[in-house]
Amino acid sequence: MAETYKIAIVGSGPAGMSAAAHAAKKGVSHVLLEKTDHLSDTIFRYQKGKHVMATPNVLVLRADCEFDAGKREKILEQWDADVKAAGVNVRFKAEVKAITGEQGAFTLDLGKGGTIQAENVILAIGTQGNPNLMRCEGASLPHVQYQLDDPGEYTDEHIFVIGSGDAGIENALGLAADAGQGNTVTILNRSADFARAKKANVDNLMAARDAGRMTVMTETTPSLVEEGWVTVDTPQGSSRYRCDRIIARMGASPPRKFVESCGVTFASEQPSAFPTLSPTFETTKPGIYVIGALAGYPLIKHCMNQGFDVVEFILGVTDLEPADEPLLKEKLKGLPGNRSVSEWLEFLRSNVEILNGLSPLQMREFLLDSEVRAYRAGEPCFIRNEQGSSLFGIASGSVKVEVDPANPNITVPIGQGSIFGEVGLISGRRRGATIRAAEPTICIEIPRMAALKLMAQVPEARDTVNRITTERQVLQIFKSGLTPEDIRDVLAGSEVMDVKPGQPIISEGDLSDDLYIIRSGSMIVEKDIGGKPVFMNYVPAGSYSGEMAMIERSPRVATVKAAIRSQVVKLPAEPFRALLARKPELAARMQAEMKARREINAFIEEQKEQFGGAVDMYSSVANFLIKQGIGEATDVLLIDESLCVGCDNCERACADSHDGLSRLNREAGTTFANIHVPTSCRHCEHPHCMSDCPPNAIRRGPDGEVFISDTCIGCGNCQRACPYGVIQMDKPPPKKPGLLSWMLFGVGPGPGQPDYEWRKKAAKAGGAESPKLAIKCDMCSGKSGGPACVRACPTGAAIRVSPDAFLSVARVDKVVARP
Amino acid sequence: MTQIGAHTERVRQRTHEGFLRHHGFRYAQIATGLCVAAVGVYFVTAARLHEPPSGGSWLGYTLGTISAGLIVWLAFLGVRKRVITEGHYSLKAWVSAHVYLGLSLVVLATLHTGFQFGWNIHTLAYALMMLVIASGALGIWAYATLPQRLHANRGEITRRQMLDALERLDAQLRDVAQPLDRAGAAVVRLSVEDTELGGGFLRRLTNNHGDDANQRALKALRNLPPPAGERQAEALAKIEELLRQKADVLSLARRQMQITAMLEGWLFIHIPATFALLAALTAHIVSVFAYW
């Protein structure tokens, strides 16, 4: 006979555990189901001694379990004790395979563990997902494992690691690190190379192989697992090896499939979408609730609060004041209108078009990330050329856009309900125009991440933003007094296209004649001269390309291809030609620009004839830089090796202006010709590091710098996301003795980053435990002198450049033809 | 091609010029101007003076004050380099000025002497100054020519990687040496335990490692009696290859150290001589005013 509970909670992380503890406190019949043999697996799997942070600081914790920032062990211990004290009914090793039935009578299938009946189900399974399992025969034998906690545990074993990602490589290296352990380690990779792993890991792997410490087998898959043996298929045929242990690290599949199989709908098809939820966390399947990271709240405090709240909601409480109410109150304080929090939420939701589709719960979360701002008439919302990637929605009032930088009196109005700032949001470039309030105006400013989340969750919002963006971008690029009316025909046939790196949108010699607007990313223009592609130009987002063929109806004169993953808008030629015929001013303007471009082309071709070597060199230098990811950079540090004396003053200056830790490694990185690209942040247009920051600590500053604010929780996501390896996890060293006492008396470690020994000793003397946080270049944000690395270079070898300034033809002679 | 908006940024090093060419040779021009003016004034006024020109004339005092001020300011580069303040300054501009104004001292201070030399503290200060300038000139040569070699030598290999490679080779040598007999093991021990990477400054500068233990080990390896078994033979062959690899890494790292030593060698004269000069200069000024 199956047991029946009022609430079944799946997953014992902070959210599920808090829900269970509250249910227990309330005396509700409940069960907490955990698939492993311990609580809170995600945090359990943090490395030993990791400092777990409690952000956002301002949020009040409302739960029956305690939580405060501290060491992983302390927190887990506390939770174990809390769960015990609350009298929670936990079932470990209970993995839910399926949930069937309806509200009031759900059946949870636990596989071999039988079934459980429950009236309501709370899904708090997080987003970590389940590891992908081996599928060959014998894969269920006990010596196949999907996790490696301590590589030092195993000795004198024949171990096979399966998987070519970082996890697999790190495990294999860990197992083979100490020859004294006597392990015979082999790593299997299904493909020929290790494309998914970080370069440093692959290098170490290859070094370990060359040193004979392990065997690397590529294009190999396991086909049969037996006690003590494994059979693998190699390109040369299948063979059988001694094997005492298999560690399979083949990635994880997100839990979405399982959640959907329970009858829950997600907001959209996009991989980043979350389940659609009511204000009480109820999904589209009545009786099933989703909380925690799976609901889009990755922070521990949010999770625990939701666990408490959702139990209240299930018990029929409707007037529960959300825990974030004080935060929102604080946020909305001082705004005109005297509205309560819920009135504000409704006011913004109903007045701003793109927010119409949000639920009150989403709206709440949304407002936590966003800012509501009131402007007096004439007050600027943002200034032309300011760095900013947030989106603004007008809740009441209206704004005017100063379209002509020369004459601020020429303005275009944008009214209530509409949005602005979308070009910055999508292209990651600077603001194209100054926008001021035309009357007393209330706007909601939505940071980029929140805006992207909104677009992923609400398809209508995405379509609206896309439509408005294209229209405004066309108006802004071509200026010439165009109005939305003028370009309606052009836009009607427009098409937004995603372009992969290296993929051409225009090929030299083609007879196509469409015009392209680069919306995000960047393009490079190449021309075939004497059988070799010669780099002609770099086209950043916010520019257009392809006008020559459109106007002159001639074949394409050059190839335009994507430098990085980009998005372009294709504008059909015919309506555009009609537009040119109607608007002589625009035609004249484009003619003038075309002339300038043709001159550049002619210049390069002429140079090519005279100084073929120099142009080839320039071309290959440009291509090298594009390959190094400069195409997505906004500001990159380059070192001229013909000037660099290797004094490392740049690193010392960096350390001394940033809490004693250098954020750049001069020596590391790649070199071509004289140009060295050191390991240092490039401040990408759409930073990879920002993509998954739980506390949203990575932001873009006023000068375009991407920086990490002090709300960092040290999770390391950004470090893993950065393809350039410029983020490190470290704790700032204690303060050093002053320069004078070092110079005169030799006290302290001197200028620059103190060595590890000194830091360890000084930290011990200081006593306080400090967490490891993510550290990266902030371009010396707020320092009027600019980046310290450049200022401190004694020979002028270090320069910081933006790619469009650096990759211009004007440099053909400067880059390479230097004596 | 239109680009929205021009960049308006904080002070930023946009132009790409080395310290010698800084700002279109601005400090070279200033220094030259200073020298030309000093020489002109000197020869115009020298003829009109009552006695032969010396440091004691009004011209001498002027040139002396300028020179002494310059020396103190030039020495201040050592502090400027190490204090990373927030405001706008360019160390490259400082170095550029340091180079050219430093060179101009040859003219200014020589005119200050009025070509009167002797075995005294005054001439000592002058000689020390010339030593500092000469060593500085060596530095200019080093900075202008060596960076190319420094980077061409290392390619994309960092110092850390070189050290790691040596460590790795040593670890492999130890592993492979397991089946060897006493004599074979001694060869490996010689390379692993006795090889000295760098050594003192002179050794690094000359890159003279004649008694290199790794080389000796290679030689000893060849002189070993024929191996007893197949396993030993295999190990010895592997060891020879590893020793060769180690020799390659060692010579790369040592060349790197040699160029680095050349890049900083002149500072071993320049800096101590500067301090000596500051002391002699103080004595010179005090004695001049004490015996007024």
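The rules we used
Throughout this document, residue positions are counted from 1 along each chain, in the order its sequence is written. Each chain takes a letter, starting from A, and each ligand takes a number, starting from 1, following the order in which they are written. Per-residue local features are limited, in this predicted model, to residues with pLDDT of at least 70; the limit for side-chain atom pairs, both in listing and counting, is 80 or more; totals at the level of whole chains, interfaces and linings are taken over all residues. Excluded from the side-chain calculation are hydrogens and water; included are all heavy atoms of the structure. For the purposes of this entry, the term helix denotes a DSSP run of H or I that reaches at least four residues, the term strand denotes a run of E that reaches at least two, and both are numbered from the N terminus. Values of the radius of gyration come from C-alpha atoms, whereas the globule rule sets the reference at 2.2 Å times the count of residues to the power 0.38. Exposure categories follow from relative accessible area, calculated using a 1.4 Å probe and restricted to protein chains: below 20% of the type maximum is buried, above 50% is exposed, and the middle band is partly exposed. Note on contacts: a residue pair qualifies if any of its non-hydrogen atoms lie within 4.5 Å across the two residues. Each accessible area value is a Shrake-Rupley result obtained with a 1.4 Å probe; residue values ignore everything except the protein chains displayed when judging cover. Positive: Lys, Arg. Negative: Asp, Glu. His and the chain ends are not part of the count. One atom stands in for each charge, and that atom is NZ of Lys, CZ of Arg, CG of Asp or CD of Glu. How sure the predictor is of each residue is captured by pLDDT, a score from 0 to 100. Just to be clear on terms, a salt bridge is a Lys or Arg side-chain nitrogen sitting within 4 Å of an Asp or Glu carboxyl oxygen. If DSSP finds at least two bridges between two strands, the strands pair. Under this scheme, a helix contributes an axis fitted over its contacting stretch, all axes are lines through C-alpha atoms, and angles between N-to-C directions fall in the 0 to 180 degree range. In this document the domain limits rely on a domain assignment from an automatic tool or a database. Picture the helix axis, draw a direction to every C-beta atom, and the arc is the one those directions span. To form a nonpolar core, buried Ala, Val, Leu, Ile, Met, Phe, Trp, Tyr and Cys residues must be joined to one another through side-chain atoms within 4.5 Å. Polar contacts, as counted here, are pairs of nitrogen or oxygen atoms within 3.5 Å of one another; within protein the pair requires one atom able to donate a hydrogen and one able to accept it, and residues that are adjacent in sequence qualify only if both atoms are side-chain atoms. Buried area is a sum: the accessible area each of two parts loses on coming together, probed at 1.4 Å, counted once for each and added. Relative orientations are named as follows: roughly parallel for angles under 35 degrees, roughly antiparallel for angles over 145 degrees, roughly perpendicular for angles from 65 to 115 degrees, and oblique for any other angle. Basically, the charged four are Asp, Glu, Lys and Arg, the nonpolar ten are Ala, Val, Leu, Ile, Met, Phe, Trp, Tyr, Cys and Pro, and anything else, Gly included, counts as polar. Working definition: a ring pair exists when centres of Phe, Tyr or Trp rings (six-membered ring for Trp) sit within 6.5 Å. Plane angles under 30 degrees give stacked, over 60 give edge-to-face, the rest tilted. Residues enter patches when they are more than 30% accessible in relative terms and free of salt bridges; like-charged ones are connected within 9 Å and nonpolar ones (Val, Leu, Ile, Met, Phe, Trp, Tyr) within 5 Å.

Attention shifts here to the overall build of chain B. For chain B, the helix and strand inventory stands at 11 helices and zero strands. In summary, chain B has a C-alpha radius of gyration of 29 Å against a globular reference of 19 Å for 292 residues, an excess of more than 25%. Over its C-alpha atoms, taken along the principal directions, chain B stretches across nearly 95 × 70 × 30 Å. The buried share of chain B, reckoned over its 292 residues, is 44%. Restricting the contact set of chain B to residue pairs at least 6 apart, pairs at least 24 apart contribute 78%. Taken as a whole, chain B presents about 15800 Å² of accessible surface, with 62% of it coming from carbon and sulfur. Between the averaged position of the 29 positive side-chain charges in chain B and that of its 21 negative side-chain charges there is a distance of 8 Å.

Turning to the overall build of chain A, a few remarks are in order. Across its full length, chain A holds 25 helices and 43 strands. Here chain A has a C-alpha radius of gyration of 30 Å; the compact-globule value for 819 residues is 28 Å, and the two agree. Principal-axis analysis of the C-alpha atoms gives chain A an extent of 85 × 70 × 70 Å. The long-range fraction of contacts in chain A, counting pairs at least 24 apart against all pairs at least 6 apart in sequence, stands at 70%. As presented, chain A carries roughly 34500 Å² of accessible surface, and 51% of it is formed by carbon and sulfur atoms. For chain A, the centre of its 92 positive side-chain charges and the centre of its 100 negative side-chain charges are spaced 2 Å apart.

Residue and element names in this part refer to chain B. Averaged over every residue, the pLDDT of chain B is 87; residues scoring 70 or more account for 95%. Averaged over each element, pLDDT in chain B is lowest for helix α6 (residues 159-176) (87) and highest for helix α4 (residues 91-113) (95). Note on residues 1-13: pLDDT under 50 across the span, and 49 contacts to partners over four residues away in sequence or across chains.

Following the criterion strictly, the structure yields 42 salt bridges over all chains and no others. Each member of the salt-bridge network shares a partner with another, and the members are D513, R553, E574 and R577 of chain A.

Take the sheet that holds strand β38 (residues 675-679) of chain A next. All names here are of chain A. Here we have four strands laid out as an open sheet, ordered β37-β38-β36-β43, and antiparallel in their pairing. Since the sheet does not close on itself, it has two edges, and those belong to β37 (665-672) and β43 (798-801), each with one partner. For this sheet the average axis-to-axis angle between neighbouring strands, irrespective of direction, equals 40°. With two bridges joining them, strand β36 (residues 636-640) and β38 adopt antiparallel strand pairing. By the bridge assignment, D640 is partnered in β38 with I675.

Another point: the sheet that holds strand β22 (residues 391-396) of chain A. All names here are of chain A. Sheet architecture is open: four strands sit in the order β20-β27-β22-β25, paired in antiparallel fashion. At either end of the open sheet lies a strand with only one pairing partner, and these are β20 (371-375) and β25 (419-420). Where β22 meets β25, two bridges bridge the pair, whose relative direction is antiparallel. Looking at the pairing, G393 lines up with I419 of β25. Those strands touched by helix α9 (residues 341-351) are β20, β22 and β27 (441-446), and its axis lies near 105° from that of β22.

Partitioning chain A into structural domains gives domain 1 (3-128 + 254-314), domain 2 (144-253), domain 3 (325-478), domain 4 (495-610) and domain 5 (624-816). Centre-to-centre separation of domain 1 of chain A and domain 2 of chain A, based on C-alpha positions: 34 Å.

The subject of this paragraph is helix α16 (residues 573-582) of chain A. The periodicity of an α-helix, 3.6 residues per turn, causes residues three or four places apart in sequence to face the same way. Among all positions in α16 of chain A, only A573, F576, R577, L579 and L580 of chain A are buried. For α16 of chain A, the angular spread of buried residues about the axis comes to 155°, placing them on one side.

Next up on the list: the nonpolar core. Generally speaking, nonpolar side chains in soluble globular proteins are found buried as a group. Formed by 62 residues in total, the largest nonpolar core has its most connected members in L33, W79, I99, L108, I122, L123 and V310 of chain A. Core analysis: the second largest hydrophobic core is formed by 43 residues, Y27, V95, A97 and L146 of chain B among them.

Looking now at the side chain of K783 of chain A. With respect to the helices and strands, K783 of chain A occurs in the loop between β42 (773-775) and α23 (788-791). It turns out K783 of chain A is buried and unbridged, and the closest side chain with the opposite charge, E86 of chain B, is 4.4 Å from it. Only 3.2 Å separates the side chain of K783 of chain A from the backbone oxygen of S657 of chain A, close enough to count as a polar contact.

The subject of this paragraph is the interface of chain B and chain A. Between chain B and chain A, the contact holds 49 residues from the first and 68 residues from the second. Regarding the contact of chain B and chain A, the summed buried area is about 5000 Å², with carbon and sulfur atoms giving 52% of it. Inspection of the region where chain B meets chain A yields one salt bridge. As a salt-bridge pair, R154 of chain B and E641 of chain A come within 3.8 Å of each other at their nearest N and O atoms. Counting every contact that joins chain B to chain A gives 13 residue pairs in polar contact (both at pLDDT 80 or more). No other element matches helix α5 (residues 121-154) of chain B, which puts six residues into the side of chain B that touches chain A.

Residues and elements named next belong to chain B. Between helix α7 (residues 182-194) and helix α9 (residues 213-222), whose axes approach to 8 Å, the crossing angle comes to 175°. Classed by the angle they form, the pair α7 and α9 counts as roughly antiparallel. Only A213, N214, R216, A217, A220 and L221 of α9 make contact with α7, whose side of the interface consists of V187, L190, S191 and D194. Split by residue class, the contact of α7 with α9 holds six nonpolar, two polar and two charged.

Here we come to the environment of N466 of chain A. All names here are of chain A. By the secondary structure assignment, N466 is in helix α13 (residues 459-478). Taking the C-alpha atoms as reference points, N466 and V423, separated by 43 residues in sequence, lie 9.7 Å from one another. Excluding anything up to four places from it in sequence, N466 contacts I426, M455 and R519.

Attention shifts here to the packing of aromatic side chains. Inspection of every chain in the model, using the stated rule, returns 17 aromatic pairs over all chains. For the ring pair Y42 of chain B and F115 of chain B, a centre distance of 6.1 Å and an interplane angle of 80° mean the geometry is edge-to-face. Residue Y42 of chain B is found in helix α1 (residues 22-46), and its partner F115 of chain B is found in the loop between α4 and α5; the two are separated by 73 residues along the sequence. When its relative accessible area of 4% is taken as the criterion, Y42 of chain B is described as buried. Taken together, the ring pairs connect F382, F392 and F420 of chain A into an aromatic cluster.

In this section: the environment of L163 of chain B. One can find L163 of chain B in helix α6. Expressed as a C-alpha distance, the spacing of L163 of chain B and Y126 of chain B, which sit 37 residues apart in the sequence, is 45 Å.

This part takes up unusual backbone geometry. All names here are of chain A. Positioned with a positive phi, H683 is a non-glycine residue whose angle comes to about 55°. Tracing the backbone shows H683 in the loop between β38 and β39 (698-700). In this model, M779 sits at a positive phi of 55°, which is unusual for a non-glycine residue. Note on placement: M779 falls in the loop between β42 and α23.

On to the pairing of strand β14 (residues 221-226) of chain A, then. Residue and element names in this part refer to chain A. Where β14 lies against strand β15 (residues 229-234), five bridges are found, and the strand directions are antiparallel. By the bridge assignment, E226 is partnered in β15 with W229. From the end of β14 to the start of β15, which pair antiparallel, there are two residues, and G228 there has a positive phi angle of about 80°.

Quick look at helix α4 (residues 166-176) of chain A now. α4 of chain A sits mainly inside the fold: eight of its 11 residues count as buried. Among the residues of α4 of chain A, G168, I169, N171, A172, L173, G174, L175 and A176 of chain A are the ones counted as buried.

This brings us to a nonpolar patch on the surface. Residue and element names in this part refer to chain A. There is a patch of nonpolar side chains on the surface, built from L740, M743, L744, F745 and V747 and spanning about 540 Å² of accessible area. If you trace the backbone, L744 turns up in helix α21 (residues 739-745). Looking at L744, the relative accessible area reads 59%, which means it is exposed.

Right, let's talk about the side chain of T234 of chain A for a bit. One can find T234 of chain A in strand β15. If near-sequence neighbours (up to four positions away) are discounted, T234 of chain A is found in contact with M217, E219, T220 and S239 of chain A.

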